[in-house]
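What the coordinates show
Here are the chains, one letter per residue:
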Amino acid sequence: MTDRPVALVTGSSRGIGRAVLERLSESHDCVVHYRSNLMEAEKVATRIRDRGARAMVVCADIGSEQDIDAMFEQIGREFGRLDVLVASAAATKFASLNHTQRHHLERTLSAVVLSYHQMVLRMMPLMGDAARIVAISGLDARFAQAGHGALGAAKAALESLTRSWAVELAPRGCTVNAVLPGAINTESLELYFRDDQVAREAMVKGTPLGRLGLGTEVADVVAFLCSTAASFMTGQVLVLDGGASAEGGGWSQFRELWNT
Ligand SMILES: NC(=O)c1ccc[n+]([C@@H]2O[C@H](COP(=O)([O-])OP(=O)(O)OC[C@H]3O[C@@H](n4cnc5c(N)ncnc54)[C@H](OP(=O)(O)O)[C@@H]3O)[C@@H](O)[C@H]2O)c1
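A brief structural summary. Note that the structure is a prediction, hence the values are computed from the model and not measured. (Residues numbered from 1 in each chain as written. Predicted model: local features only at pLDDT ≥ 70, side-chain atom pairs only at ≥ 80, totals over all residues. Heavy atoms only, no water.)

Structural notes on the overall build of the protein
In terms of helices and strands, the protein carries nine helices and seven strands. For 260 residues, the compact-globule estimate of 2.2 N^0.38 gives 18 Å, and the C-alpha radius of gyration of the protein, at 18 Å, lies within 12% of that figure. Referenced to the eigenvectors of the C-alpha coordinate spread, the extents of the protein come out at roughly 60 × 40 × 40 Å. The buried share of the protein, taken over its 260 residues, is 47%. Summarising the internal contacts of the protein: among those between residues at least 6 apart in sequence, 69% fall at separations of at least 24. If you sum the accessible surface of the protein, you get close to 13,100 Å²; carbon and sulfur atoms cover 53% of it. The averaged location of the 29 negative side-chain charges in the protein is 1 Å from the averaged location of its 26 positive side-chain charges. (Helix = DSSP H or I, 4+ residues; strand = E, 2+ residues; numbered from the N terminus. Rg over C-alpha atoms; globule rule 2.2 N^0.38 Å. Buried < 20%, exposed > 50% of the residue type's maximum accessible area, 1.4 Å probe, protein only. Contact = heavy atoms within 4.5 Å. Areas by Shrake-Rupley, 256 points an atom, 1.4 Å probe, with all protein chains shown as cover. Lys, Arg positive; Asp, Glu negative; His and termini not counted. Charge placed at Lys NZ, Arg CZ, Asp CG, Glu CD.)

See the structure below:
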């Protein structure tokens, strides 16, 4: 068993997950998780090792019960412990609900909700006295967002599971929280924009701070939740969205009308 605490961040081969794991590698040995892009996952592991932490790379489809079980067996064999779980990877089909079939919804719920429940169950035998669990939610959990009907339903369930796990795991000293980012500059967000610059600009305009967020900014909040500074905080959702939700949905387009 390793002496340093160990962190698993799902979907850490790129995007928000990568930024979070690289930040946690300052104090943790790391599990780099990916689904399809081994080369990117290996690059992340190399950067983490260069900074002096241990890193293992695991492949798992989070929509698969067998893959998740196999991933936790590998982590148990390699490290013998797991102190931090960050559930970041998500998979969905962006579409209006009108174009969403039952199997699309089932796949999204499986990748986001069922995987989260299963991963926490699998983590329990590996966790010590002060484990930390963080789920990555999204504004779609609270607001209807175009194309996000299925993912929003899954993220709302993710937040609910977070509160229930927080209460159930509190006697073990484990905290369970969620982080809710607004628009963060990642490849997945670019896919959502479909190369439409107008849509991109509208997103920036709908954010009072006037820019997209960075993966490193999400990483700082997750690192806070995983630190002793947040040891009395559990069952909560921390929002970092450049003020988007403070202004509330579609009203942002009227901002300039009243700027006098
Ligand atoms: N980007 C934003 O603006 C934003 C805003 C709010 C919330 N979020 C949330 O933040 C999280 C991370 O988002 P992101 O933008 O960084 O991109 P993402 O597309 O959700 O995550 C990319 C990572 O997830 C892995 N992944 C994708 N599908 C998978 C599957 N079925 N099984 C296992 N791994 C899978 C990818 O691995 P491979 O590349 O190897 O396939 C990659 O490492 C998500 O939960 C997302 O909903 C993002």
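Still more ground to cover, so stick around.
A few points about the sheet that holds strand β5 (residues 132-136)
A sheet is described by the order of its strands in space; here seven strands give the open sequence β3-β2-β1-β4-β5-β6-β7, paired in parallel fashion. The open sheet terminates on both sides in strands that have one partner only, identified here as β3 (55-59) and β7 (237-240). Recorded for the sheet is a direction-independent mean angle of 15° between the axes of neighbouring strands. Two elements, strand β2 (residues 29-34) and β3, share five bridges in a ladder whose sense is parallel. Considered in β3, the bridge of Val32 is made with Val57. The sheet contacts of helix α3 (residues 65-79) involve β1 (6-9), β2 and β3, and relative to β3 the element is tilted by about 160°. Contacts from helix α8 (residues 215-225) reach β4 (84-87), β5, β6 (175-181) and β7 within the one sheet, and its direction differs from that of β6 by about 165°. (Pairing = 2+ DSSP bridges. Axes fitted to C-alpha atoms, helices over the stretch in contact; angles between N-to-C directions.)

Things to note about the pattern of salt bridges
Inspection of every chain in the model, using the stated rule, returns 15 salt bridges. Close ionic contact of Arg23 with Asp220 constitutes a salt bridge, the shortest N to O distance being 2.9 Å. On the criterion of sequence distance, the pair formed by Arg23 in helix α1 (residues 15-24) and Asp220 in helix α8 is long-range, its members being 197 residues apart. On the basis of relative accessible area, Arg23 is assigned to the partly exposed category, the value being 29%. For Asp220, a relative accessible area of 41% translates into the label partly exposed. (Salt bridge = Lys/Arg side-chain N within 4 Å of Asp/Glu carboxyl O.)

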